[in-house]
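Fold and geometry: a report
Okay, here's what each chain looks like letter by letter:
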Amino acid sequence: MSIRKSKLELLLRVRYHNPLPAPPCPPKLLDIPTSSRRYTRPEFLDDIAAGTPLPMVVDGELGMPLDLSRWDYLWEESGNDSELNPDPNNLPPLDPKDQFLLGDPASSSGSFMGSSGASTPSSSVPHVPWLRKTEYMSRDGSSRSSLAHELKHQPEASIDVSRTAQLRDIDASFAAIENSELSALRHPTKPDITAVEVFDILPDADIWANAYDLFRFSERPGDRPIDMEDPRLDCAILRPMEADGDHFLAYYLTKEDEDAINFKKTRVASASDDALLDDEPTYFHFVRDYETVKVEQEVPNEFLLVLDEGTDEPDMSGGPIRPKGAYYKNIERKMLLKRKRVNTYESYGDKWDIVKLTHTPMSKEEEQEREEALAEVIDPLYAFSRADVDAEGEIDDTAVAVNGGHSGRNAAADAIDVFGE
């Protein structure tokens, strides 16, 4: 029979004490000036104050006892009520303690009415900042308010908008440009940069009939890295799609770079009908879907601008000579796109994996619509022809053609005065 010995031979555990010596000097309290806001704020007690019920002990007279027995005429049938309803023209003297009740609470100081009805100076009401309404003021807000105040009190200058004044101002603008030195024109934010060449700003009649939208991607589209050139991005296709009430855009690109290059060459080639009908189709393959993050329907400050040096010979299509100038075209809409998350359970029937693109001749309706859009920048009498159209969209029968009637001759003369012969 084995006897198990316990490892603990003592009844109590041995404790080894290490007492610290007493400090050499008595403790001293230091007075460090500091703000009480470092430790607490009054807002901490808001919940307690809101949850504490206030004792409302109100008597039957609501804290304002009124002894009606002091006025005997209230109990008489024909009593004199001049004590309670004094004559406005002969007011009784007002107690000095009640004079502040007649003051304007909106102003901190002012004069109060005395017993005689005349204004007598009195002690001003003390200014209490926390009783005022909180107002957040900024430098921009104060400057805008001061500017609006100045514009409000500034007298409106009369502007001459007659036809003679408009022609005079137009001629003055051209004269100012001709007489000014080119080197004197400097960049508004970079004074070291000066103008070196002048371009006439003209509407681009070649593309004016087309509608252009500006698309911005959150990342580079396609499947190639950023440092690799991708000529396919210049001729991509965005097709509007809809699935389960959500609207998005399907993005298509060509498979090879040569297909994109050949497609762009075909667009700038000869504009003859035979060449457009005999070209080979271009295949665009589906890449991915994009959803719109932001859409701006009106873009008044962004344009497509082309600096053209001009040519001395007509173009291949037989059109007029294009002079030197900066040609612009407005942008209809601007959109920001991001990649749409792929949902394997989402289904829509009109999804196309490949788009076969070919050139087709324009129909008569499309040609008429294009001519109407080009008339805005080609026809000098476009503004006057639009004036002949009434509010219901019908042409006025009283208006005479430009080449035949008296109204046409006046319109042509006005156009020559403005645009030149």
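Structure's up top.
First, a word on what this report is: a plain description of the structure on this page. (Residues numbered from 1 in each chain as written. Predicted model: local features only at pLDDT ≥ 70, side-chain atom pairs only at ≥ 80, totals over all residues. Heavy atoms only, no water.)

Helices and strands together make up the secondary structure of the protein, namely eight helices and eleven strands. Within the protein, the fraction of its 421 residues that count as buried is 13%. Taking as baseline every contact in the protein between residues at least 6 positions apart, the subset at least 24 positions apart corresponds to 64%. As displayed, the protein has an accessible area near 36600 Å², and 54% of this comes from carbon and sulfur atoms. (Helix = DSSP H or I, 4+ residues; strand = E, 2+ residues; numbered from the N terminus. Buried < 20%, exposed > 50% of the residue type's maximum accessible area, 1.4 Å probe, protein only. Contact = heavy atoms within 4.5 Å. Areas by Shrake-Rupley, 256 points an atom, 1.4 Å probe, with all protein chains shown as cover.)

Below, the discussion takes up the packing of aromatic side chains. According to the stated counting rule, one finds seven aromatic pairs in the structure shown. Between Phe303 and Tyr328, the ring centres sit 6.0 Å apart and the planes meet at 85°, which makes this aromatic pair edge-to-face. Here Tyr328 lies in strand E9 (residues 325–330) and Phe303 lies in strand E8 (residues 303–308), a separation of 25 residues in the sequence. Here Phe303 falls in the partly exposed class, since its relative accessible area comes to 45%. Cluster of aromatic residues (ring-pair linked, three or more members): Trp208, Phe303 and Tyr328. The ring of Phe199 has Lys324 sitting right over it, with the charged end atom 4.8 Å from the ring centre. The aromatic ring of Trp208 is capped on one face by Lys329, whose charged end is 5.3 Å from the ring centroid. (Phe/Tyr/Trp six-rings, centres within 6.5 Å; stacked < 30°, edge-to-face > 60°. Lys NZ or Arg CZ within 6 Å of the ring centre and 35° of its normal.)

The next point concerns the pairing of E9. Strand direction decides the pairing type here: strand E3 (residues 201–203) and E9, joined by three bridges, are parallel. Of the residues in E9, the one forming a bridge with Pro203 is Tyr328. In this sheet, E9 lies alongside E8 in antiparallel orientation, the contact comprising six bridges. From the neighbouring strand, Asp308 faces E9, where its bridge partner is Gly325. (Pairing = 2+ DSSP bridges.)

Our next topic: the side chain of Lys334. Relative to the elements of secondary structure, Lys334 occurs in strand E10 (residues 333–339). Taking the relative accessible area as the measure of exposure, Lys334 reaches 12% and is therefore buried. A polar contact of 2.8 Å, which involves the side chain of Lys334, links it to the side chain of Glu302. Once residues within four sequence positions are removed from consideration, Lys334 is found in contact with Leu214, Arg216, Lys294, Val295, Glu296, Val299 and Glu302. (Polar contact = N/O pair within 3.5 Å; in protein donor to acceptor, adjacent residues only side chain to side chain.)

This paragraph deals with a negative patch on the surface. A cluster of acidic residues, Glu365, Glu366, Glu367, Glu369, Glu371 and Glu372, forms a negative patch on the protein surface. Turning to its location among the elements, Glu372 is positioned in helix H6 (residues 364–378). (Patch = residues over 30% accessible without salt bridge, like charges linked within 9 Å, V, L, I, M, F, W, Y side chains within 5 Å. Salt bridge = Lys/Arg side-chain N within 4 Å of Asp/Glu carboxyl O. Lys, Arg positive; Asp, Glu negative; His and termini not counted. Charge placed at Lys NZ, Arg CZ, Asp CG, Glu CD.)

Pairing between side chains becomes possible if they bear opposite charge and their charged atoms approach one another. For the structure shown, the criterion picks out 19 salt bridges. Among the ionic pairs, Lys264 bridges to Asp234, the shortest N-O distance being 3.4 Å. Placement of the pair is Lys264 in helix H4 (residues 257–267) and Asp234 in the loop between strand E4 (213–217) and strand E5 (237–243), with a sequence separation of 30 residues. Classification of Asp234 as exposed rests on a relative accessible area of 57%.

Side chains of Leu66, Leu68, Leu74, Trp75 and Leu84 sit close together on the surface and give an oily, nonpolar patch of about 530 Å² of accessible area. In this fold, Leu84 is placed in the loop between helix H1 (46–51) and strand E1 (111–113).

Looking now at the nonpolar core. Judged by nonpolar contacts, Cys235, Ile237, Met241, Ala243, Phe248, Ala250, Tyr252, Ala260, Phe263, Phe284, Tyr348 and Val355 together constitute the single largest core of twelve residues. Of all the elements in the fold, those that place two or more residues in this core are E5, strand E6 (246–254) and H4. If sequence neighbours within four positions are ignored, Phe248 has contacts with Arg239, Pro240, Met241, Glu242, Ala243, Asp289, Tyr290, Glu291, Lys340, Glu346 and Tyr348. In terms of nonpolar packing, the next biggest core, distinct from the first, is built from six residues, Leu249, Tyr251, Leu253 and Leu337 among them. (Core = buried A, V, L, I, M, F, W, Y, C linked by side-chain atoms within 4.5 Å.)

This is a description of form; function is not addressed.
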